[in-house]
Amino acid sequence: MNKVKTSSEKSVSTSSRTMSLLSQLEKINLDSVLGEADNARYVTSKILHLVQSQEKTRKEMTSKGSTGIEVILSTLENTKDPQTILNILNILIEVVSVGGGRRASVLVTKGGTQILLQLLLTASKDTPPNEELMVLLHTLLAKIGPKDKKIGMKARINGALNISLNLVKQNLQNHRLILPCLQVLRVYSTNSVNAVSLGKNGVVELMFKIIGPFSKKNTSLMKVALDTLAALLKSKTNARRAVDRGYVHVLLTIYVDWHRHDSRHRYMLIRKGVLQCIKSVTNIKLGRKAFIDANGMKILYNTSQECLAVRTLDPLVNTSSLIMRKCFPKNRLPLPTIKSAFHFQLPVIPASGPVAQLYNLPPDVDDVVDESDDNDDAETESEIETENDDDRDQHFKNDDIETDINKLKPRQELGRPIEELKIYEQFFPELSENFQECDLVSKEPKPFVPDANLCGPIVVPTAGEEHSAEAKQSMKGVILKESNPLLAEEYNRRPAFLELPKKDSIKDSSLHQQNDQRNLLPSCQCLSQDIVKGLDRISLQSSAKNDQYYSTGCVIKKESKTSLTTLACSKPCEHVSPCGSSLFEGSSVQLGKLCCTGVDSEEEDSRSSSSGEQVVLEVSDVSPVHDCDLYIEMVKTTKSIPEYSEVAYPDYFGHIPPPFKEPILERPYGVQRTKISQDIERLIHQNDIIDRVVYDLDNLSCSVPEEADVLKFNSKFESGNLRKVIQIRKNEYDLILNSDINSNHYHQWFYFEVSGMKTGIGYRFNIINCEKSNSQFNYGMQPLMYSVQEALNSRPCWTRVGTDICYYKNHFSRSSIAAGGQKGKSYYTITFTVTFQHKDDVCYFAYHYPYTYSTLKMHLQKLESMHNPQQIYFRQDVLCETLAGNSCPLVTITAMPESNYYEHICQFRNRPYVFLSARVHPGETNASWVMKGTLEYLMSNNPSAQCLRESYIFKIIPMLNPDGVINGNYLSPNNFMFQVSEFWLTLVFILQKSRHRNCRDTIYSKFLILN
C-alpha cells in the first residue's frame, strides 16, 4: 500500500510540476521583461528533462484541452535566445517522436509548420548558419511534414525550398546535416510544382552525387537519398531530365551492384529504393524506351529469378515485375482487325451510338496501338481521387430510398393510350379463351359463391413443405450391335461414318421404340475399336416429328438386318478427320468428332470375332427434358450468322450436375508472378517461341498441323466462341476470342473444343483479349471442361478443372475506340493449365455451363408434351422474329380453370401477371439455368407450384437475345438485337392491363429479369 501511494503521489507531483513550469513559461511570454531570457532558458530546460524522462508528460502536453503546445510554440515564435530555441525544438521532437501521427497532427493544427518555416528562414540569414539549429529544424519538419498536406505550398511561399537544397549542396560531406535536409526535400517533393522547381535547381543531379555503388558506410543516407529521388522522378520534367542525362543506365548498374554484394539481404530497403526510382522514371515513354535500350528487361528478370527462393525478397520481385510489365512493348492483337470475324448487315444503321460509330470508322483505325503515358502520375491521381471521395462523403445523401409515400402508390392513369397497346393483345389469348371445348377437371356447374378476391387482391397461400420423392436416376444409352465385317478393309483406310436411318426407310427400327432396355457397362473399355471409330463422325438425317422425340432416352441400335452401315476394324484409328469441314446439306447435321482411343490388337480381334454380341455405349440420363434426337431437330431450324454446321457433344448428349458442391480452388502463392515472368521470357528469349497459328476463323484455309503433339481446336458450333489460336511453346497456346457481331469489343465468354491431347502433360491455355479489370478466376473460380471420353464412360459432366489459374493485365493494347474513348488501356489474360486424363480425347471448355438456343427450344417442346393439359395451361407464342430469323419464344403458364363455369373463367381471367425474363446478355448462361429450373418447377406437381399457378398467370420470355446466344456473343449491343424493344412494349402492355383492372392500390404485375 505504501508503494502504491508513493507512486500516486509522485505522479501527481510530476503533473503539477509540468503544469507549473508551463505556467511560468506562459507568464514569461506575457511579461516580455528584459532579463527573462535566463528564466525562459531555465524553464525550457526543465520541461525538456521531464519530457525526455516521462511519457506521461508528453501525453499531457498533447492531450485534448491542454494548452502546453500553444505555450511552447508561442515561446518559440517570440524568443530570440538561441539556447531557448534549441530547448524548445528538442521538446517538440521528443513529443512527436512517439505516439503515432496524432501528436504531429496536433502540432500542425496549432500552426507549428508556419512557425518552423519562419524560424528556418530567419536562421538561414546567419553566416554561417547554426548547424545544430538547422539539424533540429529539419528533423522536426520531416516528422510533421507528412501530416500537413499544404507544407509544400507553405514552403514555396516562404522561400524555404532553396534553403534546404543549398544546405545539401554546401555540406555534402556533413552527413549529420544533410540527412534531415534530404528528408525535408522528400516531403517537399510530394508537391509536383515543388518537384519541378527543385529539378530546375539541379536537385536530380545532386541526388546522383549522393547515391552510388555498394558500400556499408552511410547506408541510412543512401536510403533517404533514394526515397527523395524516387519522389522527385514522379514529375515528368524530372524524369525526362534523368533520361536525357543517362541516369536510367546508372540506376540499373547501381541495382545490379547492390544485388551482387548484398548476399545476406541486409540492405533490401536500399535495393527496393533503387527499383522505386526506376519505376518512377519509367512512367514516361522515354523512360521505358531508355529502360529497354539499357537491357533493363533482362537485368530485372535475371535478378528477380535469383530472388524467388527467398520469401522475404518478395517486395523486390513484385516491384521488378511491375516495372517489366509496364515496360513490355505494347503490341496489337495478332488479328487483321479487332472487329468481329462475322458481320451482319443491319437493315437500318442507327444515326448515332456505338454501332453507327463502328460503321463509320475508316479502315485500320479501330485497332491502332495507343502509346500514351498511361502510368504518368498515378499516385497523384489516386490522391486527388481520395480527396474527392472525402468531399462526397461529407455531402452524402441516400437517393435510393424514397421517403414520399405518395410516390410509391401506383398511378391510376394509363402511361400510354390503350389503343396503341391493343396490337399486343395477340400475346394474351388466355384473356379471351372460353375453354368450352377443353377437357377440364370438372364441367359440372357449381353454385356461385361470392369471392371477395375476385376483383381485388388475391392472397397467395403460403407454400408448404415440399414432399417430392427422390428422383430416380435413369440411364440412357446408345446401343449398337456389331455385324457384317465385310467393310473392315474400307474402314481401315478412312474414318468410319455411322448413318442413322430415315423414318420412311426403316419404320421398324428400334430407334423409335420408347421402352428400350438400358444396358449398363462399367466403363468404355467394353467398346470395340470399330464402334468408337464409327462414332467419329455422325451424320444425322432428318426425320418427321414422332413420339420418340418426346421420350426421355436417347437409344440407337444397329441391327444386322437393317440398312445401317456396319463396322469392323482390326487396327486403331491413326487418323482423325478434322472438325468443321462440312456445311448443312439438306437437313444433315454434323456432330464433332469423338475420341479414338487405341486398344491392343488382341483385345480388338477378340471383340471383332464376336459379331453377334451387343455393345453398349453408356450415356447417363441427364435430364427428363433432354432428348438427343429432338435436340438435333431443333438445331436444324436454328439460324446462325456463321452458318454453323456442327453440334457440340455436350449439347447433344446433355450432362448431369456434379454430385458434390463445387469447391473454391486455393490459389498457389506467387502464381500470377510466375505467369508474368513466363510472358516476359517471350521478349527475352524470342528464339524459343514457336508462334504458329493452329486455328483461325479469319483464314478458313488455315491448315491444321499434322504433328501428333499439336492440339486441334474448333468453335464452329452453336454458342461457340474462339477466333484464333497460336502455339507459343510446345504445350502452351494463346487463344483469342471473337468480338460480338457488329462490334469490336465485349470479350469474355468462351466455348471451344480441344482434341489431339496426350496424358500426363500440362497444357497451358492463355485467353489474351479479355476486357474486365478483374475476374473471379483470381479468387478460386475454374473454367469448365466436358470430356467426351468421360461421357462415354457414363459420366457426362461439366467439371471444374485447371491449375495455376490467374487473371492479369497483359501487354496487348486496346485501342481508345474499343475502350470507350479511354487511352492506354490493355487487355487481360485468363491463364490456366490442364492435364488431360485420356489420350486423344475430345474436350470442351467453357466460361460457364453452356445453354444454347436449341437447348431452350428442346426443353420447351418437352415441357409442352409432358404436361397435363387438364390441370396446366401451357402455351408457346412467338414474341417476334430476330434479325437473323430466329423466333423469340413467349411462354404462358397458369392453372386451368376449375371448370368452364362463368365464375371460374372470370377468376382465371382476373389472375394477376408475373413477368419473368432471362438472357438479356447472352454470355450470362447461369440465367438460363435458373430459368430452366423455374419452368420445370412451375410445371411440376409440387403443391406450392400448383398454388402459384392457381393464383397468377406467368408470362415468361426465357431468352431475350436468341441471336446473341446462337452466335457466341457475350454482351450484344441492343442495336443488333432489335427484338428487345418488343420485350419492353409487351411488358408495358402487361403493366397497363393490370392497372386497367379494378386493382386499386395493389400492383399485381411483377417484373424480374434473370441475367
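Let me sum up the structure you'll find in this document. Model, not experiment: these values are computed from the prediction. (Residues numbered from 1 in each chain as written. Predicted model: local features only at pLDDT ≥ 70, side-chain atom pairs only at ≥ 80, totals over all residues. Heavy atoms only, no water.)

### Here we look at the pairing of strand β19 (residues 887–895)
Moving on, step 1. In terms of burial, β19 is a largely internal element, eight of the nine residues being buried.
Moving on, step 2. In this sheet, β19 lies alongside strand β18 (residues 872–881) in antiparallel orientation, the contact comprising nine bridges. Each bridged residue has a counterpart across the sheet, and for glutamine 876 the counterpart in β19 is valine 891.
Moving on, step 3. Between the antiparallel neighbours β18 and β19 lie five residues, among them glycine 885 with a positive phi of about 95°. (Buried < 20%, exposed > 50% of the residue type's maximum accessible area, 1.4 Å probe, protein only. Helix = DSSP H or I, 4+ residues; strand = E, 2+ residues; numbered from the N terminus. Pairing = 2+ DSSP bridges.)

### A short note on the pattern of salt bridges
Moving on, step 1. Going through the model one piece at a time under the given rule, you end up with 31 salt bridges.
Moving on, step 2. The partner of aspartate 227 in a salt bridge is arginine 186, and the shortest N-O contact between them spans 3.4 Å. Placement of the pair is aspartate 227 in helix α14 (residues 219–232) and arginine 186 in helix α11 (residues 175–188), with a sequence separation of 41 residues.
Moving on, step 3. Put simply, arginine 729 and glutamate 732 hold a salt bridge, and the shortest N to O gap is 2.4 Å.
Moving on, step 4. Of the residues examined, arginine 729 reaches a relative accessible area of 19% and is grouped as buried.
Moving on, step 5. Note on glutamate 732: relative accessible area 5%, which makes it buried.
Moving on, step 6. When salt bridges with common partners are traced through the structure, they connect Asp679, Glu681, Arg682, Arg729, Glu732, Asp734 and Arg764 into a single cluster. (Salt bridge = Lys/Arg side-chain N within 4 Å of Asp/Glu carboxyl O.)

### Overview of the side chain of aspartate 651
Moving on, step 1. As for its placement among the helices and strands, aspartate 651 is situated in helix α29 (residues 649–653).
Moving on, step 2. For the buried aspartate 651, which has no salt bridge, the nearest side chain bearing the opposite charge is arginine 919, at an N-O separation of 9.5 Å.
Moving on, step 3. Within polar-contact distance, the side chain of aspartate 651 engages the side chain of tyrosine 751 at 3.2 Å.
Moving on, step 4. Residues in contact with aspartate 651, not counting those within four places in the same chain, are His626, Tyr631, Glu718, Tyr751, Pro850 and Thr852. (Lys, Arg positive; Asp, Glu negative; His and termini not counted. Polar contact = N/O pair within 3.5 Å; in protein donor to acceptor, adjacent residues only side chain to side chain. Contact = heavy atoms within 4.5 Å.)

### Focus on the sheet that holds strand β14 (residues 798–800)
Moving on, step 1. Strand order across the open sheet formed by five strands is β8-β11-β17-β13-β14, with antiparallel pairing between neighbours. Strand pairing shows two members of the sheet lacking a second neighbour, β8 (712–714) and β14, which therefore form its edges. In this sheet, neighbouring strand axes are inclined to one another by 30° on average, regardless of whether the strands run parallel or antiparallel. (Axes fitted to C-alpha atoms, helices over the stretch in contact; angles between N-to-C directions.)

### Description of the pairing of strand β17 (residues 842–846)
Moving on, step 1. For β17, a buried count of five out of five residues is recorded, marking the element as mostly surrounded by other parts of the structure.
Moving on, step 2. A two-sided burial pattern is seen for β17, the buried positions comprising Val842, Tyr844 and Ala846 on one face and Cys843 and Phe845 on the other.
Moving on, step 3. Relative to β17, strand β11 (residues 751–755) runs antiparallel, the two sharing five bridges. Bridge pairing links tyrosine 751 to alanine 846 in β17.
Moving on, step 4. As defined by bridge partners, strand β13 (residues 784–787) adjoins β17 across four bridges and the pair is classed as antiparallel. Bridged to leucine 784 within β17 is alanine 846.

### Considerations on the nonpolar core
Moving on, step 1. Judged by nonpolar contacts, the single largest core of 116 residues is most densely connected at Ile47, Leu89 and Tyr188.
Moving on, step 2. Excluding its chain neighbours within four sequence positions, the residues that come into contact with leucine 89 are Leu76, Leu116, Leu119, Leu133, Leu136, Leu137 and Leu140.
Moving on, step 3. Counting residues in hydrophobic clusters, the runner-up holds 65 residues, among them Phe717, Trp749, Phe750 and Trp798. (Core = buried A, V, L, I, M, F, W, Y, C linked by side-chain atoms within 4.5 Å.)

### Topic: the packing of aromatic side chains
Moving on, step 1. Under the criterion given, the structure shown has 30 aromatic pairs.
Moving on, step 2. Centre to centre, the rings of tyrosine 751 and tyrosine 844 are 6.4 Å apart; their planes meet at 55°, and the pair counts as tilted. Of this pair, tyrosine 751 sits in strand β11 while tyrosine 844 sits in strand β17, placing them 93 residues apart in sequence. Pair check on accessibility: tyrosine 751 and tyrosine 844 agree, each one buried.
Moving on, step 3. One Lys or Arg, arginine 311, reaches over the ring of tyrosine 669 and ends 3.6 Å from the middle of that ring. (Phe/Tyr/Trp six-rings, centres within 6.5 Å; stacked < 30°, edge-to-face > 60°. Lys NZ or Arg CZ within 6 Å of the ring centre and 35° of its normal.)

### Some thoughts on the environment of isoleucine 254
Moving on, step 1. Mapped onto the fold, isoleucine 254 is located in helix α16 (residues 247–261).
Moving on, step 2. The exposure class assigned to isoleucine 254 is buried, which follows from its relative accessible area of 7%.
Moving on, step 3. Residues within four places of isoleucine 254 in sequence aside, it is in contact with Ile211, Gly212, Met222 and Val274.

### What about helix α20 (residues 314–327)?
Moving on, step 1. In this model α20 runs 20 Å from its N-terminal to its C-terminal C-alpha over 14 residues, within 8% of the 20 Å that 1.5 Å per residue would give.
Moving on, step 2. Extensive coverage of α20 is indicated by the burial of 10 of its 14 residues.
Moving on, step 3. Every buried residue of α20 is listed here: Asp314, Leu316, Val317, Thr319, Ser320, Ser321, Ile323, Met324, Lys326 and Cys327.
Moving on, step 4. In the core, the buried residues of α20 are packed alongside α16, α17 (268–281), α18 (285–293), α19 (296–307) and α30 (671–684). (Expected span 1.5 Å × (residues − 1).)

### Remarks on helix α6 (residues 102–109)
Moving on, step 1. Within the sequence span of α6, burial applies to Arg103, Ala104, Val106, Leu107 and Val108.
Moving on, step 2. Those residues of α6 hidden inside the fold are in contact with α3 (55–62), α4 (68–78), α5 (82–97), α7 (112–123) and α8 (131–144).
Moving on, step 3. Just downstream of α6, glycine 111 is the residue with a positive phi angle, here 85°.

### Observations concerning the sheet that holds strand β10 (residues 732–736)
Paired through backbone hydrogen bonds, the strands of a sheet run either parallel or antiparallel to each other.
Moving on, step 1. Pairing is mixed in the open sheet, where six strands are placed in the order β7-β9-β10-β12-β16-β15. Each edge of the open sheet is held by one strand with a lone partner, namely β7 (692–696) and β15 (803–813). For this sheet the average axis-to-axis angle between neighbouring strands, irrespective of direction, equals 25°.
Moving on, step 2. Where strand β9 (residues 724–729) meets β10, five bridges bridge the pair, whose relative direction is antiparallel. Paired with lysine 724 across the bridge in β10 is isoleucine 736.

### Thoughts on the packing of α4 against α7
Moving on, step 1. Running from N to C, α4 and α7 cross one another at 20°; their axes reach a closest spacing of 10 Å. When the axis of α4 is compared with that of α7, the two are roughly parallel. In this structure, the crossing between α4 and α7 has a hand that is left-handed. Side by side, α4 and α7 meet where Leu73, Leu76 and Glu77 of the first sit next to Gly112, Ile115, Leu116 and Leu119 of the second.
Moving on, step 2. In terms of residue class, the contact of α4 with α7 is made up of five nonpolar, one polar and one charged. (Parallel < 35°, antiparallel > 145°, perpendicular 65-115°, else oblique. Left-handed = near helix turned anticlockwise from the far one by under 90°. Nonpolar A, V, L, I, M, F, W, Y, C, P; charged D, E, K, R; others polar.)

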